[in-house]
Amino acid sequence: QVQLVESGGGLEQPGGSLRLSCAASGSIFSINAMGWYRQAPGKQRELVAHILSGGLTNYADSVKGRFTISRDNAKNTVYLQMNSLKPEDTAVYYCNADIDEKRNGLFYRRAYWGQGTQVTVSS
């Protein structure tokens, strides 16, 4: 089994910064893509940023230039640095990882989600 544990959410004023972390643990053989999604009240979950194992990144237009995704492959951890926060960034942020597991000599690929962390941007 694999777990994703997120941390770093909270309340921040407009223009401020927060850094989210998501650590994966368990029967991990390798981690492919990792990403951050968010879901605001009454809205669908949307992709915020995405990073491949080689470091290639992709961002939603709404966060380009303000958010930076990065990963530490040795720690199986992905980060989201959020700067110049806006009230519209308020949402529950979820970590996602595409993970290869090795169990009993067999390989399995599955997407895992974290439990979510609340980010609130308000004055």
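Preceding this section is the structure that the text describes.
Parameters at a glance
- Residues numbered from 1 in each chain as written.
- Predicted model: local features only at pLDDT ≥ 70, side-chain atom pairs only at ≥ 80, totals over all residues.
- Heavy atoms only, no water.
- Salt bridge = Lys/Arg side-chain N within 4 Å of Asp/Glu carboxyl O.
- Helix = DSSP H or I, 4+ residues; strand = E, 2+ residues; numbered from the N terminus.
- Buried < 20%, exposed > 50% of the residue type's maximum accessible area, 1.4 Å probe, protein only.
- Phe/Tyr/Trp six-rings, centres within 6.5 Å; stacked < 30°, edge-to-face > 60°.
- Polar contact = N/O pair within 3.5 Å; in protein donor to acceptor, adjacent residues only side chain to side chain.
- Contact = heavy atoms within 4.5 Å.

Asks: Go over the pattern of salt bridges with me, naming the residues and quoting the values.
Replies: For the coordinates displayed, the defined rule picks out six salt bridges. Ionic pairing is found between Asp-89 and Arg-38, a salt bridge with its closest N-O pair at 3.0 Å. In this pair, Asp-89 sits in the loop between β8 (77-82) and β9 (91-103) while Arg-38 sits in strand β4 (residues 28-39), placing the two residues 51 residues apart along the sequence. Of the charged contacts, one joins Lys-64 and Asp-61 as a salt bridge, the two residues approaching to 3.1 Å between their closest N and O atoms. Residue class for Lys-64 comes out partly exposed when judged on its relative accessible area of 49%. Three or more residues joined by partner-sharing salt bridges are found here, namely Arg-38, Glu-46, Arg-66 and Asp-89.

Asks: Describe the packing of aromatic side chains, naming the residues involved and giving the relevant values.
Replies: Throughout the structure, instances matching the rule amount to two aromatic pairs. On the basis of an interplanar angle of 80° and a centroid distance of 4.8 Å, the ring pair of Phe-29 and Phe-107 is categorised as edge-to-face. Pair noted here: Phe-29 is in strand β4 and Phe-107 is in strand β10 (residues 106-113), with a separation of 78 residues, a long-range link. Look at Tyr-37 and Trp-113: their rings are 5.0 Å apart centre to centre, the planes differ by 65°, and that puts the pair in the edge-to-face class.

Asks: How would you summarise the side chain of Glu-101 if you had to cite specific residues and measurements?
Replies: Within the element layout of this structure, Glu-101 appears in strand β9. Classification of Glu-101 by relative accessible area gives buried; the value is 1%. At 3.0 Å, the side chain of Glu-101 forms a polar contact with the side chain of Ser-27. Separated by 3.4 Å, the side chains of Glu-101 and Arg-103 make a polar contact. Discounting chain neighbours no more than four positions away, the residues touching Glu-101 are Gln-1, Val-2, Ser-27, Phe-29, Leu-106, Phe-107, Tyr-108, Arg-110 and Tyr-112.

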